[in-house]
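# Structure at a glance
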Amino acid sequence: MHPKHWFYTLPLRLRSLFRRDHVEHELSEELQFHLEQKTQEYLASGLTLDEARRKAQREFGGIELSKENCRDTRRVSYLQDLMQDLRFGVRMLRKSPGFTFIAVLTLALGIGANTAIFSMVNSFLLKPLPVKDPEQITVLAFQLKKGPLQNNFSIPELEDLQAQTTSVFSDVIGDLYGAGGLTVNGKTEPIYVYFVTGNYFIGLDVKPYLGRFILPSEGSPTALSPVVVLGYNYWKTRFAGDPSVVGKTVAFDGHPVTVIGVTPKEFHGLYSMADMQGYMPLNIEQVDSAYDRTTPVNRELRSVFVYARLLPGVSINAAQSALDVIASRFAAQNPKSEEGMTLAVYPERFSRPNPDPDKTILKIATLFLILAGLVLILACVNVANFLLVRATARQREMAIRSALGGTRGRLIRQLLTESIVLALCGGIGGVFLGLAGSSALSSIRLQTTLPVLIDFQFDWRVFGYALSVALLTGLIVGTVPALRASGRNMIEVIREGGRSMSGGRSRLRSALVVIQVGGSLMLLIVAGLMVRSLSYAQRSDLGFDPRNVLNLSLDPNGIGYDKEKGLRFYKELLERIDNLPGVESSSAAFTVPFGYFNDNDFLEVPGYEVPQGTTVPSAGFNMVSPGYFRTLHIPLLEGRDFTNADQEDTQWVAIINEAMAKRFWPNGSALGHEFRIAGDRVHSLRVVGVVKNSKSVSMMGLVREYFYVPFAQQYTSMATVQVRTTFPPETLVTSIREQVTATAPTMPISEVRPMLQALYTVNGLLLFQFAAGLTGCLGLLGLILAIVGVFGVISFTVSQRTQEIGIRMAMGAGQGSILKMILRQGILIVFAGLAVGVLLALGMASLVEDFVTGISPYDPLTYISVSTMLVLVALFACYVPARRATRVDPMIALRYE
Amino acid sequence: MSRPSDLVQGTLDLLLLKILALEPMNGYAVSLRLKQVSGEVLQVSDGSLYPALHKLEQEGWITAEWKPTENNRRAKFYSLTRLGKKQLEKESANWSRLSDAISNIVKLKEA
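Please read all numbers here as calculations on a predicted model, not as lab measurements.

On to the overall build of chain B, then. Helix and strand counts for chain B come out as 4 helices and 3 strands. Its helices and strands taken in sequence order, chain B reads α-β-α-α-β-β-α from the N to the C terminus. In chain B, once contacts between residues fewer than 6 apart in sequence are set aside, the share between residues at least 24 apart is 55%.

Right, dumping it as C-alpha cells:
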C-alpha cells in the first residue's frame, strides 16, 4: 500500500479493529437515517406511514446483507480471523497440557541450544566495536617471506605506516599490551594496560566517561607524559567508582602517574577477549627498567598491534592495494628487517581475537551452529510428529469445520497459527534456556588473571535470532500436518469415524524418525570424536610432568623493583621455597607451558643455509632460572643446566630443545655453537645444553624449535615461580605465600594454581574440553530427542494397529510373532537412521578434523562404539511399545474403538 | 459484493467520486443525486450504494464526518480527500479513453 494511504486508512483500520461496536453502531445509524429519509419522502407523496416504511425497506433490499457487504470493505477480516485463531489455538493447547508441555519443552531445548550458541557467535563475529563507525576499523598484519601471520609491528614500522597510508586511512593507531603494578595509597595490585599511541582515542572516536583521554601530543614515543586512563570496570572495582579519582596521582610500577579519565562502560579496548584496565601513552613504557632503549628506532623489536580507520568511502580492497605498494617499499628500504614483507588488512570484526587467514573462529562457529541447528531439526521433527498424530485425531473436527464452510486455506491458517503459538512458547522457553546455557558458556575459566572479557550477553541480535528461529520452527512443524489434516476428503473421514490410518502417513512419520536417528547419531559421533580427542590430549606425553607442580605469578616491577632488586628477590625467594618441607625444587620462568605469554623471534644461525622457498628461521623461547628443567622434569640430554654463574656480563648462553638441535646442527653435537636473536645486535647466544622436546605452545602438531635463556641474562620482571612438591601442591599454597611476604612484604601475588589446572588454557586443553563438553551436551540432547521420536512412532503404530493385533491374536498369532512384526518396523527405522547418520558424520569430517588431535576424524572405534550404543538404546525404545502390543487382550482390542 | 449488473466495473466508483467532488453529502443525498442526474438509466439499489461508499472510504478516497442535516438530524457526510481527487482524475481519464474507444467502434460502418 502506498504510504500516503496510511494517513487516511490506518485510523479506519484501527477503529474497525478496536472500536468494533462503535463502528457497528455507526453503520446501523447511517442506514437507519437513509430509511427514515426515504420514509419521509414517500409520506410526502401521500402514502400512509406503514406503506411508506415498507416501500422504503423494499427499495433498500436486504439490510443485513448490505451491512455485511459494508463490513467486508473494512479489510481487517484477516486480523480478526487471526485473533480468533490465536484464541482458539491457545484454548486447544490448554486443553491438552501434557502434549503442550512436551512440545514446548522440546522446542525450547532446540531453540535454547541455538540461542546460546548464537550468543557466542554474536559476541565473536557480529557485535560491532563500541566506537563510531566500527565497520571502518581494520587490523593490520604482515608476513615475512610467507612465514606466520603477525600483527605486532615495531614502532618505526608503525610510524612509517602512519605517514604513508594517509590516502586510505584517516587514523593509524597502535597499542602495546603491558602488565604492571598500580600503587594506590601504598597498596600495589596488578594492572593490565595498553600503552597507546596519542591518536588512539581520537582515531577510535570514543568519548570519555569521566575526565579526558590521552592527547596526540602525549603519545609520542620519545616524550614522557605520565598519565593514565582507567578502564570502567577497573575504576568501579579498584576505586569504587569514585569520580574524584580524576586528577589523583597514583604510581605505575613505582613511577607517579596522574589519572586523567575513565573509559565508557562498553569500551574494553580493541582486543576482543580482554577487558583492559588502563590506558597509558606509548612512551610511558620507557619507565620500565627492562625497557629496551632501542625500541623507538629498532625496526625488529615488534610488539605494537596496529589498527587503522578507513577513510569514508575507501574499501578494504583499496587499502590492501595501497599496503601492497608500501610493503614492497618497506622491503626495498629495510632489507635487513623487512625483506619479503607482505602487509595485509582485515576488517576488525573478522579478526577476533587475532587476524587469522584460516578463519578458525568462523570454522568453530560454523561447526557449532550446524550441530545446534541439527538439534533444532531433531526437535522440530519430534513436534511435527506429535502434530501429525494430533492431526489424525482431529480429522473429524477438520471435516466438520470444512462441512460448515471453512475453506481449506482457512483451516490451514488455523492449524499453522496453533503451531506458531506453540513455537513461540518454545521460543520464550528457549530464550530462558539459552540464557542459562550462555551464562554456562561464559563462565568458562581461562586459567589466567588477565582481565578476560567473555561477553555473551543477549542483545537485539540474539533475541531477533531466537524469534526468527521460533517463527520458522512454527511454520516448519505446522505445515505438513496442516496440509494433511485439511486435505482429506471429509465425507470419507466422517464415514470412517477417524479410525483408519493410511499407509502414507505412517511412512512419512517413519521417514522423519529415520532423519532423527541419523541426525542424533551424527551429533553423537562428533561428540565421541571430541571426547576421545580430549582424553588423548589429557594423556599425551607433554615432555614434562605437570603433576605436583604449583605455579605462582609475580611481578616485582609492579612495586618499583628494578632489575637488580628483582633478580635478588627471585633468588632469595627460590632459596626460601627450596627449604620448605615437601618441596623438591623450584624455579622461575617467564612462560608457563600453554600459558598466555609466549616469546617468539627470528633467528640468525651462522652456518645454517635457509632452504630456498622457506621463511627466515624462528623459534619460541623462555627465560628460566637455574633448576627449571629439574623442577618440570624435562630431561637434559647433553651439556649443562644454567647456574648462578650465568650473569648478564658473562657469555650469553642458551639451552635448546632436540627439534632445534636437529634443524640447525643435524650433524654432530650442537654444544658450543652460537646463534643470534634477530632483535638483538649485541649478544650471541652459545648453546650449552640440549633438552628433550616438551610441548609448551600448542597441544596440536609436532614440537617446534624452542630454546631457553637464563633469567639473569634476559630478565623479565613478570615471571611465574614453579614449585615441584612431594605433597599435593594445594597444601603448600599458604606456606609459599608466607615466603613471598617474608621476602618482600608488599609484593602482590597475581595468581596461584597447580600446573595440572593451568593446562586448561586456550592454548592447552581448554578448547578440547570445551568442544567435548559442548558437543557432548548437544549429542545427549539429540539422543533424547531421537529416543522420544522412535518411541513415539512405534507407540503410535501399536495404538493404531491395536484392533488388527487383536484380530491376529484371536486368529492364533503368538506373542513372538506380534513382537517380531512390530519390532521389524523399528529395526528398519533404526538401521536406515544409522546409515544416514554415518553418512552425515563422514560429511562433517573435514570440518571436525581441525578440532581433534591424536585421532582421525574417521576414527573407526568411535563410529562403531557410538553406533552400537545408539542402536541398542533405540531398539530398547522400540521394544517397550512392541512388548505392550503383545499384551493386547483380543477381546478388549476388538471392542476398542 | 452485489453490484448493478449493467454498471461497468469501477464505474460506480467514478460516479460516486464525481458526485462527492461537487459537495460533501450524506448517503441519502447521494442516492437522490444519482437518480436525478442519470434519470432511470443507472439503477443503483440503495442496498449496494452503502458498501460502495464504505469501500471508497476504506481506500482513503473519501472521508466521512457526522454532521447535522438542515433539519437537524445527525447524518454521515462524505467528502473527497486529496487522494480521492487524484483518483477521480485518473478514473475520469480512463473513462474518457474507454468510452471514446467504444463509441469509435460502435460508429464503424460496414464496408
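Within chain A one finds 27 helices and 22 strands. Taken over C-alpha atoms, the radius of gyration comes to 37 Å for chain A, far larger than the 29 Å a tight globule of 897 residues would show. Projecting the C-alpha coordinates of chain A onto the three principal axes gives extents of approximately 125 × 85 × 55 Å. Going through the 897 residues of chain A one by one, you find that 43% of them count as buried. Pairs at least 24 apart in sequence give 83% of the contacts found in chain A among residues at least 6 apart.

Locating Tyr465 of chain A in the fold gives a position in helix α15 (residues 460-487). Among all residues touching Tyr465 of chain A, those that are not within four sequence positions of it are Thr115 and Phe118 of chain A.

With that settled, consider the sheet that holds strand β2 (residues 62-68) of chain B. Residue and element names in this part refer to chain B. Strand order in the open sheet formed by 3 strands is β1-β3-β2, and the pairing between neighbours is antiparallel. Two strands in the sheet have a free side with no partner beyond their single neighbour: β1 (25-26) and β2. In this structure, β2 lies alongside strand β3 (residues 74-80), joined through 7 bridges in antiparallel fashion. Looking at the pairing, Thr63 lines up with Ser79 of β3.

Think of interface size as the accessible area that goes away when the parts come together; that is how it is often given. Between chain B and chain A, the residue contacts involve 19 residues of the former and 22 residues of the latter. Among the secondary structure elements, those contributing two or more residues to the side of chain B that touches chain A are α2 (27-38), α3 (46-59) and β3 of chain B. Classifying every residue of the side of chain B that touches chain A by side-chain character gives 6 nonpolar, 8 polar and 5 charged.

To continue, consider the pairing of strand β8 (residues 255-262) of chain A. Residues and elements named next belong to chain A. Relative to β8, strand β5 (residues 210-211) is paired through 2 bridges, and the arrangement is antiparallel. From the neighbouring strand, Gly211 faces β8, where its bridge partner is Gly261. Judged from the 4 bridges that link them, strand β6 (residues 227-230) and β8 form a sheet pairing that is parallel. When the bridges of β8 are listed, Val229 appears paired with Gly261. Sheet analysis places strand β7 (residues 249-252) next to β8, joined by 4 bridges and oriented antiparallel. From the neighbouring strand, Ala251 faces β8, where its bridge partner is Pro256. What sits between β7 and β8 in their antiparallel hairpin is a turn of 2 residues, with Asp253 showing a positive phi close to 50°.

Next up on the list: the domain arrangement of chain A. All names here are of chain A. Its domain assignment divides chain A into domain 1 (3-75), domain 2 (77-133 + 360-500), domain 3 (152-314), domain 4 (508-542 + 759-897) and domain 5 (549-757). Between the C-alpha centres of domain 3 and domain 5 there is a distance of 29 Å. Listed by partner, the interface residues are 15 residues for domain 3 and 16 residues for domain 5. Elements that contribute at least two residues to the side of domain 3 that touches domain 5 include exactly β3 (169-184) and β4 (187-196). A total of 4 residues in the side of domain 3 that touches domain 5 trace back to one element, the largest contributor, which is β3.

With that settled, consider the packing of helix α23 (residues 766-800) of chain A against helix α25 (residues 815-848) of chain A. All names here are of chain A. Taken N-terminus to C-terminus, the directions of α23 and α25 make an angle of 150°; their axes are 10 Å apart at the nearest point. The angle between the axes of α23 and α25 places the two elements in the roughly antiparallel class. For the element pair α23 and α25, the recorded crossing hand is right-handed. In this structure, α23 uses Val790, Ile794, Thr797 and Val798 to contact α25, whose residues at the interface are Ile822, Gln825, Gly826, Ile829 and Val830. Considered class by class, the residues forming the contact of α23 with α25 number 6 nonpolar, 3 polar and no charged.

This part covers the pairing of β7 of chain A. The two faces of the sheet receive side chains in turn, since in a regular strand these alternate between them. Residue and element names in this part refer to chain A. Residues of β7 alternate between two faces, with Val250 and Phe252 buried on one and Thr249 and Ala251 left unburied on the opposite face. Of the pairings in the sheet, the one linking β3 to β7 comprises 2 bridges and is antiparallel in character. Directly across from Thr183, in β7, lies its bridge partner Ala251.

Attention now goes to the nonpolar core. What tends to happen in soluble globular proteins is that the nonpolar side chains get buried as a cluster. Counting 232 residues, the largest nonpolar core has Val306, Val375, Val526, Met530, Phe707 and Val790 of chain A as its most contacted members. In terms of residue count, helix α12 (residues 360-393) of chain A provides more of this core than any other element does, 18 residues in total. Setting aside anything within four residues of it in sequence, one finds Val375 of chain A in contact with Gly110, Ala113, Leu523, Leu778, Leu781 and Gly782 of chain A. Among the nonpolar cores identified, the runner-up in size contains 17 residues, and Leu31 and Cys70 of chain A together with Ile62 and Leu80 of chain B belong to it.

All right, on to the confidence of the model for chain B then. Residues and elements named next belong to chain B. Taken residue by residue, chain B gives an average pLDDT of 82. The fraction at 70 or more is 85%. The low-confidence segment residues 1-6 (pLDDT under 50) makes 9 contacts with residues lying over four places distant or belonging to another chain. Across the interface, the model reports ipTM at 0.86; the global pTM reads 0.73.

All names here are of chain A. Phi is positive for Ala240, which is not a glycine, with a value near 50°. Assignment of secondary structure puts Ala240 in the loop between α9 (232-238) and β7. The class for Ala240 is exposed, based on 8 C-beta atoms found within 10 Å. Residue His633 is not a glycine yet carries a positive backbone phi of 60°. Within the fold, His633 resides in the loop between α19 (628-632) and β16 (636-639).

Okay, the environment of Phe851 of chain A next. Residue and element names in this part refer to chain A. Tracing the backbone shows Phe851 in the loop between α25 and α26 (860-886). Taking the C-alpha atoms as reference, Phe851 lies 9.7 Å from Lys363; in sequence the two are 488 residues apart. Apart from residues lying up to four places away in sequence, Phe851 is in contact with Met530 and Ala771.

In the predicted model, chain A carries a mean pLDDT of 86, and 95% of its residues have values of at least 70. pLDDT under 50 marks residues 498-504 of chain A. Its contacts with residues more than four places away, or in other chains, come to 7 contacts.

This part takes up the environment of Asp242 of chain A. Residues and elements named next belong to chain A. Looking at the secondary structure, you find Asp242 in the loop between α9 and β7. Look at Asp242 and you get exposed, because 12 C-beta atoms sit within 10 Å. Along the chain, Asp242 and Arg408 lie 166 residues apart, while their C-alpha atoms are 68 Å from each other.

Calculation rules
- Residues numbered from 1 in each chain as written.
- Chains lettered and ligands numbered in written order.
- Predicted model: local features only at pLDDT ≥ 70, side-chain atom pairs only at ≥ 80, totals over all residues.
- Helix = DSSP H or I, 4+ residues; strand = E, 2+ residues; numbered from the N terminus.
- Contact = placed C-beta atoms within 7 Å.
- Rg over C-alpha atoms; globule rule 2.2 N^0.38 Å.
- Buried ≥ 20, exposed ≤ 12 C-beta atoms within 10 Å, placed from the backbone.
- Pairing = 2+ DSSP bridges.
- Nonpolar A, V, L, I, M, F, W, Y, C, P; charged D, E, K, R; others polar.
- Domains from an automatic or database assignment.
- Axes fitted to C-alpha atoms, helices over the stretch in contact; angles between N-to-C directions.
- Parallel < 35°, antiparallel > 145°, perpendicular 65-115°, else oblique.
- Left-handed = near helix turned anticlockwise from the far one by under 90°.
- Core = buried A, V, L, I, M, F, W, Y, C linked by C-beta atoms within 7 Å.
- pLDDT = per-residue confidence, 0-100.

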